[in-house]
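# An overview of the molecular structure
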Amino acid sequence: MLKNLLRFSPVLRPIQNEQKRSFLTIINQGFEGYRTTFGRNPVHLKPGLRLAIPILHDVQKVDVREAGMTVDKIDAYTKDNVPVQLSAVLFYQVKNAYKACFEVSDYRSGIRSVGTSSLRSIVGQFEYDQIIGDRNKINKEWLIVVGDSIEHWGIQTTKAEIQSFGPLDASVAKTLEKQMDAERDRRQQELNTRAKINISEGEKQSTILQSEGSLIAAKNLADANFLTMQKQAEGQRYSIEQETQALCQQLEIISKQLNNDPHLAVQYLLARKRFEELHAIANGQNNSTYFINNQTEGV
């Protein structure tokens, strides 16, 4: 009868599915935890098996490994008012588990919010072509801004990377494509113009150099001719000086032989010179007959 009473009584019937409560918790490797007692007095828990009494204790676990967070399909406007859509990934690591637990309610949600808003703001500081041409600059800027914003949560950003970037819709893409084609044509024309200018400048410099070379060559030739004439004149002067010196010596010797009479010596030298000239004429190729006075005047 007692068994039947216990079976049908809702008060005395034992609880069949009573929840099993554990007084232990496990902190895995790569995690850190903090245990509070009635919401106070946090105790740092390292990896391993730790005591956690229900109702009395509350345990928060923090992953201190480097982790990545993807920010998908963010709509933004560039500096030149181009609507774009981009996706990016941000890597971070918890450096201070205490701050990550007690300085912010949910640091993952906070990182996502800060990353999304800061990325929109940074995209607005660059033109569309700048982002297309160099994403590393915006990646570095985004990493610094997010890092400065979440540093007081005990979290450090390690890497930021824009994965995809493009116009918001097809019409914007077509407009941008036309603008890019026009820009490429403009740059090509500019390059062609610069090339022509460089060619003209090169020809100009070549002409100048040729003119300068010709001028230098003419100057050098004139200097060479001047030096040649100067040397020739000096040679002739030296030859004349030597002949004059020899003639003076002859006059002096002949004057001594003719009783120191310079006039007779001069007449003698003139006669001898005339005789040498006649002798040269007589021995020349075109022989002719000459009649001269056989008496020399004054001799």
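Think of each chain on its own: its residues are numbered from 1, step by step along the sequence as written. Local features in a predicted model are, by the rule used here, given only for residues with pLDDT of at least 70; side-chain atom pairs are given and counted only at 80 or more, and totals for whole chains, interfaces and linings are based on all residues. Hydrogens are left out, water is left out, and the side-chain values use all remaining heavy atoms of the structure.

So the rule is basically this: UniProt positions are given in the numbering used here, feature names are shortened, and annotations may be inferred rather than shown by experiment.
As annotated in an unreviewed UniProt entry, the chain carries the name Band 7 domain-containing protein and comes from Adineta ricciae. Quoted verbatim from the Sequence similarities (unreviewed entry) heading of the UniProt record, the comment on the chain is "Belongs to the band 7/mec-2 family."

### Observations concerning the sheet that holds strand 6 (residues 67-77)
Rule in force here: Should DSSP find at least two bridges between two strands, the strands are taken to pair. Helix and strand assignments come from DSSP, with helices taken as H or I runs of at least 4 residues and strands as E runs of at least 2, each series counted from the N terminus. The angle between two axes is taken between their N-to-C directions and runs from 0 to 180 degrees, where each axis is a line fitted to C-alpha atoms and a helix contributes only its stretch in contact. Throughout, a residue-residue contact means that at least one pair of heavy atoms, one from each residue, lies within 4.5 Å.
Within the open sheet, the three strands sit side by side as 6-7-8. Their pairing is antiparallel. The sheet is open, and its two borders are formed by strand 6 and strand 8 (155-167), each paired with just one other strand. Averaged over all neighbouring strand pairs, the angle between strand axes comes to 20°, with direction disregarded. For strand 6 and strand 7 (residues 83-94), the ladder comprises nine bridges, and the chain directions are antiparallel. When the bridges of strand 7 are listed, A76 appears paired with V84. Where helix 3 (residues 107-123) meets the sheet, its contacts fall on strand 6, strand 7 and strand 8, and the angle it forms with strand 6 comes to roughly 40°.

### Section: unusual backbone geometry
Quick reminder of the rule: Per-residue accessibility, obtained with a 1.4 Å probe over protein chains only, is compared with the maximum for each type, and a residue is labelled buried under 20%, exposed over 50%, and partly exposed between these values.
One non-glycine residue, F38, lies in the positive phi region at around 50°. We classify F38 as exposed; its relative accessible area is 61%. Backbone geometry at N81 places phi at a positive 60°, although glycine is not the residue there. Inspection of the secondary structure assignment puts N81 in the loop between strand 6 and strand 7.

### Notes on the packing of aromatic side chains
Selection rule: In this scheme Phe, Tyr and Trp rings, the latter by its six-membered ring, pair at centre separations within 6.5 Å, and the angle between planes marks the pair as stacked below 30 degrees, edge-to-face above 60, and tilted otherwise.
A full pass over the atoms with the stated rule returns four aromatic pairs. Ring geometry for Y34 versus F102: centroids 5.8 Å apart, planes at 80°, classification edge-to-face. Of the two residues, Y34 sits in strand 2 (residues 31-37) while F102 sits in helix 2 (residues 97-102), which places them 68 residues apart along the sequence. The exposure class assigned to Y34 is buried, which follows from its relative accessible area of 11%. A relative accessible area of 32% means that F102 is categorised as partly exposed. When the centroid spacing of 5.5 Å and the interplanar angle of 35° are considered together, the rings of Y128 and F165 count as tilted. Placement of Y128 in helix 4 (residues 128-133) and of F165 in strand 8 is noted, with a sequence separation of 37 residues between them. Here Y128 falls in the buried class, since its relative accessible area comes to 7%. Linked through ring pairs, Y34, Y98 and F102 together constitute an aromatic cluster.

### Notes on the environment of H152
Applicable threshold: N or O atoms within 3.5 Å of each other form a polar contact, as long as, within protein, one can give a hydrogen and the other can take it, and as long as residues adjacent in sequence are counted only when both atoms are side-chain atoms.
Tracing the backbone shows H152 in the loop between helix 5 (135-150) and strand 8. Take H152: its relative accessible area is 48%, and that puts it in the partly exposed class. Linking H152 and V104, residues 48 residues apart in sequence, is a C-alpha distance of 9.4 Å. Leaving out residues up to four positions away in the same chain, H152 has contacts with K99 and E103. Polar contacts involving the side chain of H152 include one to the main-chain carbonyl oxygen of S149, which spans 3.1 Å. Here W153 takes part through its side chain, which lies 2.9 Å from a polar atom of the side chain of H152.

### Here's the deal with helix 3
Operational definition: To estimate how far a helix should reach, multiply one less than its number of residues by 1.5 Å.
Its 17 residues give helix 3 an end-to-end C-alpha distance of 24 Å, which sits within 8% of 24 Å, the value for a rise of 1.5 Å per residue. Every buried residue belonging to helix 3 is among Y107, G110, I111, V114, G115, T116, S118, L119, I122 and V123, and all of these are buried. Measuring from the side-chain oxygen of the N-cap residue of helix 3 to the backbone nitrogen of R108 gives 3.3 Å; that N-cap residue is D106.

### Section: the sheet that holds strand 3 (residues 40-45)
Strand order across the open sheet formed by three strands is 3-2-5, with antiparallel pairing between neighbours. Each edge of the open sheet is held by one strand with a lone partner, namely strand 3 and strand 5 (57-63). In this sheet, adjacent strand axes meet at a mean angle of 25° when their direction is disregarded. Judged from the seven bridges that link them, strand 2 and strand 5 form a sheet pairing that is antiparallel. Following the sheet pairing, R35 is matched in strand 5 by V59.

### Notes on the pairing of strand 7
If a strand is regular, its side chains alternate between the two faces of the sheet. Buried residues dominate strand 7, accounting for nine of its twelve residues. Connecting strand 6 to the antiparallel partner strand 7 that follows it, the hairpin turn spans five residues, and N81 within it adopts a positive phi of roughly 60°. Note: strand 7 against strand 8, eleven bridges, orientation antiparallel. Within strand 8, the residue paired with V94 across the bridge is I155.

### Focus: helix 5
For the record, the criterion: What the arc measures is the spread of directions leading from the helix axis to the C-beta atoms.
For helix 5, built from 16 residues, the straight-helix expectation of 22 Å at 1.5 Å per residue is met to within 8% by its first-to-last C-alpha distance of 23 Å. Listing the buried residues of helix 5 in full gives I138, N139, W142, V146, G147 and I150. For helix 5, the buried positions fall inside an angular range of 160° around the axis, keeping them on one side. Structural note: helix 5 exposes K137, K140 and D148 on the side pointing more than 90 degrees away from its buried face. Looking at the buried residues of helix 5, the elements they touch are strand 7, helix 3, helix 4 and strand 8.

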